[in-house]
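What the coordinates show
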Amino acid sequence: MLAALVLGLGVAWFLHTHERVEETIPLPPRGEAAYNPLYALRESLRAAGVPAESRRRLDGERVLGPRDTVLMIGDPGTASPGEVQRLLDWVEAGGHLLVRTPPWTRRVREARSWGLLERLGVHPLGAPGQCASLHIEGQPAHVEFCRGQRFELPGRTPELVWRAAVPAPRAGRGHDAANDAVDPQMQAIMERLEQQRRATDQSLVYARLVHGAGRVDVLADFDFLENASLREVPHQMLARQILAPNWGHGTMHLVYAARVPPLWWLLLTRGWMAWGPLLLALAAWLWMRTQRFGPLLPSPALARRALLEHVRASGEHLVRYGRAPLLHDAVRAAFYDRLRRRDPLAAALEGEAGIEAIAARTGLPPREVRQALQAPTPDDAAAFRQRVARLIQMRRRL
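Here the residue index of a chain counts from 1 through its sequence in written order. Residue-level local features of this predicted model are given only where pLDDT is at least 70; pairs of side-chain atoms are given and counted only at 80 or more, and the full residue set underlies all totals for whole chains, interfaces and linings. Values shown for side chains rest on all heavy atoms present in the structure; no hydrogens or waters enter the calculation.

Comments concerning the packing of helix H14 (residues 366-373) against helix H15 (residues 381-396)
Helix axes use the C-alpha atoms of the stretch in contact, all axes being lines fitted to C-alpha atoms, and the angles between their N-to-C directions lie in the range 0 to 180 degrees. For the purposes of this entry, the term helix denotes a DSSP run of H or I that reaches at least four residues, the term strand denotes a run of E that reaches at least two, and both are numbered from the N terminus. The N-to-C vectors of H14 and H15 enclose an angle of 115°; their axes lie 8 Å apart at closest approach. For the pair H14 and H15, the sense of crossing is left-handed. Across the interface between the two elements, Glu368, Val369, Gln371, Ala372 and Leu373 of H14 pack against Arg387, Arg390, Leu391 and Met394 of H15. Put simply, Ala, Val, Leu, Ile, Met, Phe, Trp, Tyr, Cys and Pro go in the nonpolar bin, Asp, Glu, Lys and Arg in the charged bin, and everything else, Gly too, in the polar bin. The residue inventory of the contact of H14 with H15, partitioned by class, reads 5 nonpolar, 1 polar and 3 charged. Put simply, a crossing is left-handed when the front helix is turned counterclockwise from the back one by less than a right angle, and right-handed when it is turned clockwise. In this description, contact between two residues means that some pair of their heavy atoms is separated by no more than 4.5 Å.

Set out below in structure tokens:
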């Protein structure tokens, strides 16, 4: 009963302090919308009753209608000379072509006489572009073509133009606003120079050229036509204006460059469910195999079975506990074993006769031979070492 009461109080508290809300989370594009930046434009055109097709490249074998529209969102410099000539002939017959200037890079772009922009008389400025203001009544202010490369049309008079915004001159170091108020003559000179500079600036972000019976629109960029940007009303109205010449008379051919992200980016963003656990497993394995942090300890001694080390350790043990005469007897027995093999007669003699025979055989004085054959006292370590060394010397001389 008490548990049911606590559970009911908990549920009542939760319902009183929380409320159900709905949240919309935009999902990343899938299918064709993930790689076709003009997918939203094509679907919008079809919804408006305008035939529209998308393709990755301009097919030279496809026949274009006299009132069709071709929008090339990629770099026009990739077109071959034959494609350039076919496009210009088609535009001269009444087609509408929309192209952009190539993206700006620090590498100098080589001019080609057969290029599409070169045939149209378009000269890119080869410098980063500046934003152009877009004001539509009832809509917030916009800026366009911020990433595009501006261009010039020397010797040509376009039907429509859109000039880039000219930034106001920046004050130099040490500029003081009070000086402008004190010297109005200098202020007037600066204003006249600024007006002249604005009047002489010929950089464009958009131009519509008349080519035969058709039109060619040159833009600094097509970013306002891409899927995410086309949601904004100013971009929709701008798209409608640039597509106006052949609106409702033919098919819209949208030529796009497929934007497939690199493999490393796909693995990083979408393959983490595979490489994440593998990375954790690798880290755990390395943690198990690596040496732990701590004091530097010497390596443990390896187990050995050297016979001489055992013999030496046994001898040191006997000497430490006063059993040195046993070692002397062993060395003396080894000497007599060799003496019996080399000189049986000297080994058979006893007493002084044996000592004299051994001295004659080894070339040592009888006194040293006699002293070496006598067992030392257990507490005389010096006499033990001396007599054992002498026995080893005598054994080697046999």
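Continuing now.
Re helix H3 (residues 81-92)
A helix is expected to span 1.5 Å for every residue after the first. If you check H3, its first and last C-alpha atoms are 17 Å apart, about what 12 residues at 1.5 Å a residue would give, namely 16 Å. Among the structural elements, strand S2 (69-72), strand S3 (96-100), helix H4 (116-120), strand S9 (204-211) and strand S10 (214-219) are those in contact with the buried residues of H3. Of the residues one or two after H3, glycine 94 is the one with positive phi, at around 130°.

A closer look at the state of the cysteines
Working definition: a disulfide is two cysteine sulfur atoms within 2.5 Å of each other. Tallied over the full model, the rule gives 1 disulfide. The disulfide that involves cysteine 131 links it to cysteine 146, with 1.9 Å between the sulfurs. Taking the torsion about the S-S bond as the criterion, the cysteine 131 to cysteine 146 disulfide, at about 125°, is right-handed. Of this pair, cysteine 131 sits in the loop between strand S4 (123-124) and strand S5 (132-134) while cysteine 146 is found in the loop between strand S6 (142-144) and strand S7 (151-152), placing the two residues 15 residues apart along the sequence. Residue burial is assigned from relative accessible area. The probe radius is 1.4 Å, only protein chains are included, and a residue is buried under 20% of its type maximum, exposed over 50%, and partly exposed in between. Assessed through its relative accessible area of 31%, cysteine 131 is described here as partly exposed.

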